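The lines below spell out each chain.
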Amino acid sequence: MANATETVVERELLIAASPETVWKLLVDPEKASAWMGQPSWSDPDNPVPAGSSTIEFELKPEGDGTRLRFVHSGLPSAEAAGSHAHGWDHYFERLEIAARGGDAGPDPWLTGDMS
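Per chain, residues are indexed from 1 in the order of the written sequence. Under the rules for a predicted model, residues below a pLDDT of 70 receive no local features and side-chain atom pairs below 80 are neither given nor counted, while totals for whole chains, interfaces and linings still include all residues. Water and hydrogen atoms were dropped before computing side-chain values, which therefore reflect all heavy atoms in the structure.

Peer 1: What is the right way to look at the overall build of the protein chain in this model?
Peer 2: Secondary structure is summarised from DSSP: a helix means a run of H or I of at least four residues, a strand means a run of E of at least two, and numbering begins at the N terminus for each. A count of helical and extended segments in the protein chain gives four helices and three strands. Secondary structure of the protein chain in N-to-C order comes out as β-α-α-β-β-α-α. Of all 115 residues assigned to the protein chain, the portion counted as buried reaches 30%. Across the protein chain, contacts joining residues at least 24 apart in sequence account for 63% of those joining residues at least 6 apart. Surface accessibility follows the Shrake-Rupley procedure with a 1.4 Å probe radius. Residue values consider only the protein chains on display as shielding. Accessible surface, the protein chain as shown: approximately 7,200 Å² in total, 52% of it carbon and sulfur. Each residue gets one of three labels from its accessible area relative to the maximum for its type: buried under 20%, exposed over 50%, partly exposed in between, using a 1.4 Å probe on protein chains only. Throughout, a residue-residue contact means that at least one pair of heavy atoms, one from each residue, lies within 4.5 Å.

Peer 1: Please explain the side chain of histidine 90 as it appears in this structure.
Peer 2: Mapped onto the elements of the fold, histidine 90 is located in helix H3 (residues 78–99). On the basis of relative accessibility, which here comes to 14%, the residue histidine 90 falls in the buried class. Excluding residues within four positions of it along the chain, histidine 90 makes contact with Asp107, Pro108 and Trp109.

Peer 1: Looking at this model, I keep getting lost on H3. Mind explaining?
Peer 2: Note: α-helices contain 3.6 residues per turn, so residues at a spacing of three or four share the same orientation. Here the expected length of a helix is defined as 1.5 Å per residue gap, with one fewer gap than residues. The terminal C-alpha atoms of H3, which comprises 22 residues, lie 30 Å apart, in line with the 32 Å expected from a rise of 1.5 Å per residue. A positive phi of about 90 degrees marks glycine 101, the residue just after H3.

Peer 1: Got a minute to help me understand the pattern of salt bridges in this structure?
Peer 2: Opposite charge on two side chains permits them to pair, given that their charged atoms come into close proximity. A side-chain nitrogen of Lys or Arg and a carboxyl oxygen of Asp or Glu constitute a salt bridge if their distance falls within 4 Å. Under the counting rule described, the total for this entry stands at five salt bridges. For arginine 69, the salt bridge identified is with glutamate 10, shortest N-O distance 2.9 Å. Here arginine 69 is found in strand E3 (residues 65–75), whereas its partner glutamate 10 is found in strand E1 (residues 7–15), with 59 residues between them in sequence.

Now the structure itself:
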């Protein structure tokens, strides 16, 4: 349960792939790199250090796809939650492409190619 000082990011989306496919994309490091790239999460100046927040995924079959419910809790401020919400929205678009068997391509946030 969230306390009064933490902020939560929640998303729910329907992905056109089986729960097994989505799960593998979430937990297999090689498959996760197809949509999330190879970011460096160990930045010592990060206001949300590794291990200080919690991410929960709930996957439910829905028709031919999967309903993904996502909760990122333990974020220390509204600013951190806003930043993470923006990032998750970006990466969930890439996850949907990868789940359909497509190539999300290099992540423009990591390559600097924002064209």
